[in-house]
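Architecture at a glance
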Amino acid sequence: MKIIGTERDYQRYIIDYLIDNNGYIERKCKTNYDRTTAMDRELLFRFLETTQPDTMAALRKIYNGQTEETIVKFIIQSIDNKGSSLIETLKSGIEISNMHLDLLYSKPATDYNIDLVAKYNANIFSIMEEVWINDDQRIDLVVFLNGFSIATFELKCQSAGQNYRMAIKQYSEDRDPKNRLFLFKAGALVNFAMDLDTCYMTTKLDGLGTRFIPFNRGRGEGVNTGEGNPLDDGVDDYPMHYMWDDILRRDSLIELITKFVFIQREQVVDELTGKKSVKEKLIFPRYHQRDAVRQLLADAEYNGTQLNYLIEHSAGSGKTNTIAWLAHRLVSLHDTQNQIVYDSVLVITDRVVVDRQLQDAIKGIDHKSGLVCTIDDKKTSADLADALKGNYKIIVTTIQKFLYVDFWKLAQNQNNKTFAIIIDEAHSSTSGKDMIAVKNTLGQNDGPEEADAQDAIENEIQRHGKAPNVSVFAFTATPKPMTLRLFGRESIDADGNPVYQPFHLYSMKQAIEGVYHLMCCKIISNTRPTTRTEQDHRRRPGDEDDCRQAADCTLY
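Residue numbers here run from 1 along each chain, matching the order of that chain's written sequence. Where local features are concerned, this predicted model is filtered to residues with pLDDT of at least 70; where side-chain atom pairs are given and counted, the filter is 80 or more; whole-chain, interface and lining totals use all residues. Working from all heavy atoms in the structure, the side-chain values ignore hydrogens and water.

1. Overview of the overall build of the protein chain
Helix and strand definitions follow DSSP, with helices as H or I runs of at least four residues and strands as E runs of at least two, each counted in order from the N terminus. Within the protein chain, the regular secondary structure consists of 21 helices and 20 strands. When accessible area is computed with a 1.4 Å probe and restricted to protein chains, residues below 20% of their type maximum are described as buried, those above 50% as exposed, and intermediate ones as partly exposed. By the burial criterion, 56% of the 556 residues in the protein chain qualify as buried. The contact definition used throughout considers only heavy atoms, calling two residues in contact when any of these lie within 4.5 Å. A separation threshold of at least 6 residues defines the contact pool for the protein chain, and within that pool the share at least 24 residues apart is 67%. Here, Shrake-Rupley sampling with a 1.4 Å probe gives the accessible areas, and only protein chains in the shown set may cover a residue. Carbon and sulfur atoms form 48% of the exposed surface of the protein chain, whose accessible area is close to 24000 Å².

See below:
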C-alpha cells in the first residue's frame, strides 16, 4: 500500500486507481473545464457522437457551426427550468428540433438488447484534480460522467495534520454556493469531505448552514457497530478504499445516478401568510441505505421468493427512502436466467402520513405512468383487492386497508404471480383491529385482537408456513426477540447456541454517533452508556427520540 503523506498524494492515489481499475479518463482543468457550465464539453460531444451519430448528424445540418452551442444551451435551459434539475435532465435527456438526445445510458435489466448494452458501455467517466472554480479557489477532485460534473471531493490527510472536519469547514466557509459547480440542483450531485478514515457528504452547499451527514460503513459488529469505518477489514488499503473501489466504480456510479438520486419535493405552507411553496431536497443515499438495498437485491436475485428478510434500521436512518428505493428496484429485478423475480410489490405502513411520504419518494425516483397504485383515503379495501389482482407494479397502502383483504388466499389463487411485501415497522405497537390487517396480509385472519404484528407473523408461519410465491421484507428499528427468530438469519454462537441476526443492520449506536458527532454534540453529551445483547429489545428509553432529533438535523 502506497504511503499517502499529503493532499496531492491522496489525489494521485485515487486518480491512478480509477484509471487503472475502473476505466476512467484523466482530464486537465486548464484545457477541459468550462466554468460557466461546470462541464467538460469535449467529452459531452464525444459521448453524443459515439452513441447517437445519426441524430447528431441531423442536428449539424440544421445548426451548422452553432450545433454544439445550441445543444449546450438547450441542456442548461432544461437543467435550470423551474421544477427541473441536473439529475432529472440526465435521466430524461433533452428534446431539440423534434429530436431526442440521451445524456446517459442506464444499465439494461437484461443483456438481451445488444445495442443498449453497447450504449451503456459507451458512458464516459473522467476525473480532474485541482479544478479552478474561479480565479482564487480550486477543488481537489471532480468526477464527471459524459462531461457533466457529478461529485466533488475535498481531501484531507492525517499525516499532514488534517482531518475531514477541515474539509467540511472549507465547503461551509470558503465555497460559494452560487458557483455553477455547487449550484443546488444544477451543479454536482454530491460533495464529499473526506480524509483517509472518514467521509461526510452534502447535496447542498449553504454557507454556514450547510449540513453534512455520514457516508461511512460503520465500525464494530452487530448492535455494537458505531460510526466510522473499519481500520482493518482485511483489505491492504486505507479505510476509505470503498470510495474508489466500490462507490466510484462505473456500474456503481451509474446505478446511484439512475436508481437512487432524486429530487424530493414537498409543499409547505407559511404559518403566518398562508402562502404555499415547494420545498426541494436532492436525495443521495447514505452508505447504509445503498448497502441494504444492494444486498437485498443480490440475495433475492439468487433465492427468488424462497426467503423472508428482516432489516433493522434505527430511527433516523432514512427508512422511508430506503423502502422506496427497494420497492422501485424489486419490480425490475431479474434472476440469473433473466426472468422477473417479483410481479408486484406491496408496501404496507401503519401511518397515513408515512404512506404519502412513500408514495412521493417512489414517484420521485421514477415518473413512469402506472408504476405506482396508491390505495389512499378515497379508496376501499375492495380497490386494494382489485389492484392486487391487476397489473400494477407497486401498490402502496396502509394497514387499515387490510381489514377485509385476505392476501394469503389471494396469493394462493394467483400462484402464477409473485409478490414482495414490504412492511414498515414489523414490530408496530399498533394494536386492536388494525393488527388484524397484518394478520390477513400474512395469512391469518383470526386470533385475539390485541396481538401485535410479531404474534400475527408467528401464528401465520406456524399455521400456514411461508407462501412459495411471496417474500416479506420487514423493516423495524426495534425488533422483538420473536421477530428476530422468525425473520432473522440463524447462526451458531461460540457456545453452540443458535442466535438470530437481521439480514441488514444500521444500529442505534451508529445512528447516534454519526449524526451527533458533528451536529448534535449537546445531545450526545447527555446520552447514557449502554450494554446490549443480540436478543434484547435493542433500545433504551429516549433512544428513538434522540435519533429522531438527530434526523431533524440531517438532510433526510
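2. Observations concerning the sheet that holds strand 14 (residues 372-374)
DSSP bridges decide pairing: two strands pair if at least two such bridges lie between them. Reading across from one edge, 14-15-13-16-17-12-20 is the order of the seven strands in this open sheet, with parallel pairing throughout. Every interior strand has two partners, whereas the edge strands, strand 14 and strand 20 (504-506), have only one. Strand-to-strand twist across the sheet, computed as the mean angle between neighbouring axes with direction ignored, equals 15°. Where strand 14 lies against strand 15 (residues 394-398), three bridges are found, and the strand directions are parallel. Bridging from a neighbouring strand, valine 372 pairs with isoleucine 394 of strand 15. Inter-axis angles, ranging from 0 to 180 degrees, are taken between N-to-C directions of lines fitted to C-alpha atoms, where helices are fitted over the stretch in contact. Strand contacts of helix 11 (residues 287-303): strand 12 (309-313), strand 17 (470-476) and strand 20, with the helix running at about 175° to strand 12, the strand carrying the most contacts. Set on the sheet, helix 12 (residues 319-330) makes contact with strand 12, strand 13 (344-349), strand 15, strand 16 (419-424) and strand 17; between it and strand 16 the angle comes to about 175°.

3. Regarding the sheet that holds strand 6 (residues 148-155)
Ordered in space as 1-4-5-6-7-8-9, the seven strands form an open sheet in which the pairing is mixed. The strands lining the two open edges of the sheet, one partner per strand, are strand 1 (25-27) and strand 9 (213-214). When strand 8 (residues 199-202) meets strand 9, the two strands line up antiparallel, connected through two bridges. Note that in strand 9 the partner of methionine 201 across the bridge is isoleucine 213. Across the sheet, helix 8 (residues 164-174) is in contact with strand 6, strand 7 (190-194) and strand 8; its angle to strand 7 comes to roughly 140°.

4. Re the pattern of salt bridges
The rule for a salt bridge is simple: a side-chain nitrogen of Lys or Arg has to be within 4 Å of a carboxyl oxygen of Asp or Glu. Summed over the entire model, instances satisfying the criterion amount to 32 salt bridges. Across the salt bridge formed by arginine 27 and aspartate 40, the nearest N and O atoms sit 2.7 Å from each other. Of this pair, arginine 27 sits in strand 1 while aspartate 40 sits in the loop between helix 2 (29-32) and helix 3 (41-51), and the two are 13 residues apart along the sequence. Each member of the pair, arginine 27 together with aspartate 40, is buried. With a closest N to O distance of 2.7 Å, arginine 138 and glutamate 130 form a salt bridge. Note on glutamate 130: relative accessible area 12%, which makes it buried. A network of salt bridges, in which partner residues are shared, links Arg8, Arg12, Asp16, Glu26, Lys28, Glu129, Glu130 and Arg138.

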